Amino acid sequence: MMEKVKQFLKWLTPFIIFLVLALLVVSIPIIKKQTFLGSDSIFHFNRFYDAAMQLKTHKISYFQTNYGFLGTGRMLSTLYGPVAAYAGGFLLLVAGTWFKFEILTDLIVLIVSALGMYKLCRVNNVDKYPAIFIGFIYMYSSMVMQWVTAQQFTGVGAMIVPFVMIYATQMVRKNDVSFFGFAFVMSLLIQTHLMSAMITMIGILPFFVVGLVKAVDKKQRVKMLLHTIYAALITLVLTINVWYNLIYISATNHLLPVYPVPEVRTYGYNFNVQSLVNIMKPTEFILFIFVLYFVIRRFKQVDILTKTTAFTGFFFLVISWSHFPWGVLQYLIPQLSYTLQFPKRFLVIAFVCLLVTFGRILTYEIKNNTHKSNYAVVVTILLLIIGSAGLDFYAIHQRSVNYVSLNTKHHKNNKNDNSIYYYMKRHHRTLQKDTQSHKLSNLLEDIIKATPDYVPSYKQIKGHSEYDKLNPYKLYYQQYIEKNHNKKLHFKHVVRKDGSLTVRFKLRKAQKIQVPLAKYAQTQVTVNGTVKNVKTTKIGAIIVSAKKGKNTVNVKYVTSFTTRLMMVFTWIGWILFGIFAITKIKRNK
């Protein structure tokens, strides 16, 4: 019995270490009772709040946002990580307050990231304690910490990427891939953050090619190819709700794109202060240069897997650089300004690949080298990496300072700015009161940010100049935020059991009025009990002819038979997948 306990504790050691390290990261906000708000925080908090309220009230509306974003009936989570939105909503209900929710999600992202990197290292023959160390480096890396300090969803995607790369490296190690597990983790990443999934797919390609070339015969090559195709087909089935809806809704609506950056290259990593603190720390850069130097110097000695991880990592490091010819690529492919947006996103593959390479180097050096000079190099690198944690705590300290400023001095309203928060002075609450209140809507009513992503537009907006001319942030503020806070005209929002949303208001005289509700091609609008074909503004806000006295406007997203069928296929796919997984686990026992 004692032997089993010892084995269990030994198996649990990495988790305990990572838990302690994660608690260190969140210790400052816990002690000071602070909730950090980054540029994307309110955007994601609205998604989670909407999902939480759907789960709480059982008034499910997969396509229409009835609770978040001031109840505008807009579409968002359908097109942006639907499973992650509902998972976040569930965690929000468990946590009860925004403060506890942020701490809980920080811990999950940090620990799972570290465990994923640890597992990736272990399957690639990295010894246990070097693997734990690499897990520590990754959880404290800029890629993962951006969720903790700024709630950027790329950090959540970075949590899952190491699990996907386990199967990428398997292609080189075994000239095969376990298509069942591969399909599961890739589906999970697509359901969480589509852009991270697309970048990871590109990152898998070198491993796939090397695996095919390295195969000993045609039979092994065909087997690996078939297993990869099986994984792709299973993934397609498990993510129908993502890709089908994205294609169908984009084809039937003019969706406003995310903010198209004027120059893509300016959002790569550089060697200025902002990049060195928030994108790639000096110690991380030095580490990566050391890894590449080691592999090149011992090129004939290192195996094909180490070469593949090192040079794949180096390639993604180069294309993440602001001096990569992104200007030329943006000229040739203008869509990059609102699809990719930020080349720094490619860094996640560079971090994962180069860190697992470093883990293999550490294992080799510890086992095979006795030269003091080599040990000195390794110790120096370790000290440099440990030193990088200091920059993480500096970033957290800066967030703490910003929190105090936001809690005591409210941002000036600026409806033309795409990054600033608006403070609505109706309730006169503080940020700390809002984030520690069990009434979750308080924060989202008081601290608001204009986010016009994916609202319907009057035409297809292409490029930064058209986007800037339309000025959707200003229009969104005026038509969806300001309208909802109109002191003279009060809009009351009511969510129906069928998932539709009704807005009630009173008028002193009959007139045309714009209400703060969004209309898509599939949205059915009912005005005072009658289905109407209504006009909309340039960013999809509904305009109705209202009567004197009481008025109601109801919006309901009406799904086609094909859409409903595709959603059923997704559910059936996950159910069959779950049955197969349980059966396989029982067989292995």
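Calculation notes
The residue numbers shown here count from 1 along each chain, following its written sequence. Owing to the predicted nature of the model, reporting of local features is limited to residues with pLDDT of at least 70; listing and counting of side-chain atom pairs is limited to 80 or more, with chain, interface and lining totals taken over all residues. For side-chain calculations, the full set of non-hydrogen atoms in the structure is used, while hydrogens and water are omitted. We define the nonpolar core as a collection of buried residues of types Ala, Val, Leu, Ile, Met, Phe, Trp, Tyr and Cys that are connected through side-chain atoms lying within 4.5 Å of one another. Accessible area is worked out with a 1.4 Å probe on protein chains only. A residue is then buried under 20% of its type maximum, exposed over 50%, and partly exposed in between. Whether two residues are in contact is decided by their heavy atoms: any pair within 4.5 Å suffices. Note that patches include only residues with greater than 30% relative accessible area and no salt bridge, and the join distances are 9 Å for like charges and 5 Å for nonpolar side chains (Val, Leu, Ile, Met, Phe, Trp, Tyr). We get accessible surface area from the Shrake-Rupley algorithm with a probe of 1.4 Å; when it comes to residues, only the shown protein chains can shield them. What makes a salt bridge here is a side-chain nitrogen of Lys or Arg within 4 Å of a carboxyl oxygen of Asp or Glu, nothing more. The helix and strand labels rest on DSSP assignments: H or I over at least four residues marks a helix, E over at least two residues marks a strand, and numbering proceeds from the N terminus. Each helix should span, by expectation, one fewer than its residue count multiplied by 1.5 Å. Only the contacting stretch of a helix is used when fitting its axis, a line to C-alpha atoms as for every element, and angles between N-to-C directions run 0 to 180 degrees. Note on terminology: angles under 35 degrees are roughly parallel, angles over 145 are roughly antiparallel, angles of 65 to 115 are roughly perpendicular, and the others are oblique. Crossing chirality is assigned from the near helix's rotation relative to the far helix, an anticlockwise turn below a right angle marking it left-handed and a clockwise turn marking it right-handed. Three categories are distinguished: nonpolar for Ala, Val, Leu, Ile, Met, Phe, Trp, Tyr, Cys and Pro, charged for Asp, Glu, Lys and Arg, and polar for the others, with Gly belonging to the last. Polar contacts here mean pairs of N or O atoms no more than 3.5 Å apart (in protein, one a potential hydrogen donor and the other a potential acceptor; neighbouring residues in sequence count only if both atoms are side-chain atoms). For this count, His and the chain ends are skipped, Lys and Arg are scored as positive, and Asp and Glu as negative. Lysine's charge is taken at NZ, arginine's at CZ, aspartate's at CG and glutamate's at CD. In this scheme, strands are said to pair when DSSP sees at least two bridges between them. Pairing of aromatic side chains here covers Phe, Tyr and the six-membered ring of Trp, requires ring centres within 6.5 Å, and sorts the geometry by plane angle: under 30 degrees stacked, over 60 edge-to-face, intermediate tilted. Two conditions define a charge sitting above a ring: the NZ of Lys or the CZ of Arg must be within 6 Å of the ring centre, and it must be within 35 degrees of the ring normal.

### Topic: the nonpolar core
- In terms of nonpolar packing, the biggest core is built from 165 residues, with Met165 and Phe505 touching the most fellow members.
- Setting aside residues no more than four positions away along its own chain, Met165 makes contact with Leu120, Thr200, Gly203, Ile204, Phe207, Ile349, Val352 and Cys353.

### Looking at a nonpolar patch on the surface
- On the surface, a cluster of nonpolar side chains totalling about 770 Å² of accessible area is made up of Val222, Leu225, Leu226, Ile229, Tyr230, Leu233, Leu236, Trp243 and Ile247.
- Put simply, the parts of the chain that give the nonpolar patch at least two residues each are α10 (218-238) and α11 (240-252).
- Per element, the largest residue contribution to the nonpolar patch is seven residues, and it comes from α10.
- Position of Leu233 among the secondary structure elements: in helix α10.

### Observations concerning helix α16 (residues 347-368)
- Its 22 residues give α16 an end-to-end C-alpha distance of 31 Å, which sits within 8% of 32 Å, the value for a rise of 1.5 Å per residue.
- When you tally the buried positions in α16, you get 18 out of 22 residues, the bulk of the element.

### Focus: the packing of helix α8 (residues 179-192) against helix α22 (residues 561-588)
- Put simply, α8 and α22 touch, their axes get as near as 12 Å, and they point 140° apart. Comparing their axes, α22 and α8 come out oblique. You can see that α8 and α22 cross each other, and the crossing is left-handed. Facing Phe180, Phe184, Ser187 and Gln191 of α8, the residues of α22 in contact are Trp574, Phe577, Phe580, Ala581 and Lys584.
- Its residues placed into classes, the contact of α8 with α22 shows six nonpolar, two polar and one charged.

### Examining the packing of α8 against α10
- Where α8 meets α10, the closest approach of the two axes is 8 Å, and the angle between their N-to-C directions is 40°. Judged on the interaxial angle alone, α10 and α8 are oblique. Every pair of crossing elements has a handedness; the one defined by α8 and α10 is right-handed. Residues Phe179, Phe182, Ala183, Met186, Ser187, Ile190 and Gln191 of α8 form the contact with α10, whose participating residues are His227, Tyr230, Ala231, Ile234, Thr235 and Leu238.
- Considering only residue class, the contact of α8 with α10 consists of nine nonpolar, four polar and no charged.

### Side note on the side chain of Thr502
- Tracing the backbone through its elements, the reader meets Thr502 in strand β4 (residues 501-507).
- With relative accessibility at 3%, the residue Thr502 sits in the buried group.
- Here Arg496 takes part through its side chain, which lies 3.2 Å from a polar atom of the side chain of Thr502.
- A distance of 2.7 Å separates the side chain of Thr502 from the side chain of Asn554, its partner in a polar contact.
- Discounting residues that sit within four places of it in the chain, Thr502 has contacts with Lys492, His493, Val494, Arg496, Thr552, Val553 and Asn554.

### Side note on α22
- Spanning 28 residues, α22 covers 41 Å between terminal C-alpha atoms, matching the ideal 40 Å at 1.5 Å per step.
- Residues of α22 that are buried: Thr563, Met567, Thr570, Gly573, Phe577 and Ala581.
- Buried residues belonging to α22 abut α8, α10 and α11.

### Looking at the environment of Phe342
- Within the element layout of this structure, Phe342 appears in the loop between α15 (326-332) and α16.
- Once residues within four sequence positions are removed from consideration, Phe342 is found in contact with Val261 and Tyr267.

### Describing the environment of Thr169
- Assignment of secondary structure puts Thr169 in helix α7 (residues 154-174).
- Residues Thr169 and Val210, 41 residues apart in the sequence, show an inter-C-alpha distance of 9.9 Å.
- Those residues in contact with Thr169 that lie beyond four places of it in its chain are Leu120, Asn124, Phe207, Leu305 and Thr309.
- A polar side-chain atom of Thr169 sits 2.9 Å from the main-chain carbonyl oxygen of Ile166.

### Some words on unusual backbone geometry
- One non-glycine residue with positive phi stands out, namely Gln341, at about 65°.
- Summarising the element assignment, Gln341 is placed in the loop between α15 and α16.
- For Gln341, a relative accessible area of 8% gives the class buried.

### Here's the deal with a positive patch on the surface
- Taken together, the side chains of Lys492, Arg496, Arg504, Lys506 and Lys550 present a region of like positive charge at the surface.
- By secondary structure assignment, the location of Arg496 is in the loop between β3 (492-495) and β4.

### Here we look at the sheet that holds strand β5 (residues 511-518)
- A sheet is described by the order of its strands in space; here three strands give the open sequence β5-β9-β8, paired in antiparallel fashion. Looking at which strands have only one partner, the edges of the open sheet turn out to be β5 and β8 (535-536).
- Note that β8 and strand β9 (residues 541-546) share two bridges and pair antiparallel. Opposite Thr536, over in β9, you have Ile542 as the bridge partner.

### Looking at the sheet that holds strand β10 (residues 549-557)
- If you walk across this open sheet you meet the five strands as β3-β4-β10-β6-β7, and the pairing is antiparallel. At either end of the open sheet lies a strand with only one pairing partner, and these are β3 and β7 (530-532). This sheet shows a mean twist of 30° between the axes of neighbouring strands, independent of strand direction.
- The pairing of β3 with β4 spans four bridges and is antiparallel. Within β4, the residue paired with Val495 across the bridge is Leu501.

### As for the pairing of β10
- The pairing of β4 with β10 spans seven bridges and is classified as antiparallel. Residue pairing in the sheet places Lys506 in a bridge with Lys550 of β10.
- Bridge count between strand β6 (residues 523-527) and β10: five bridges; the pairing is antiparallel. Looking at β10, one finds that Thr526 is bridged to Asn554.

### What about the packing of aromatic side chains?
- Taken as a whole and judged by the stated rule, the model has 39 aromatic pairs.
- Seen in terms of ring centroids, Phe184 and Trp574 are 6.3 Å apart; in terms of plane orientation they differ by 80°. Their pairing is edge-to-face. You can see Phe184 sitting in helix α8 and its partner Trp574 sitting in helix α22, a full 390 residues away along the chain.
- A residue is classified by how much of its surface remains accessible, and Phe184, at 34% relative accessible area, is partly exposed.
- Ring pairs connect the aromatic residues Phe43, Phe45, Phe48, Phe69, Tyr80, Trp98, Phe101, Trp147 and Phe153, which therefore count as one cluster.
- In this structure, Arg47 is placed above the aromatic ring of Phe153, and the distance from its NZ or CZ to the ring centre is 5.2 Å.

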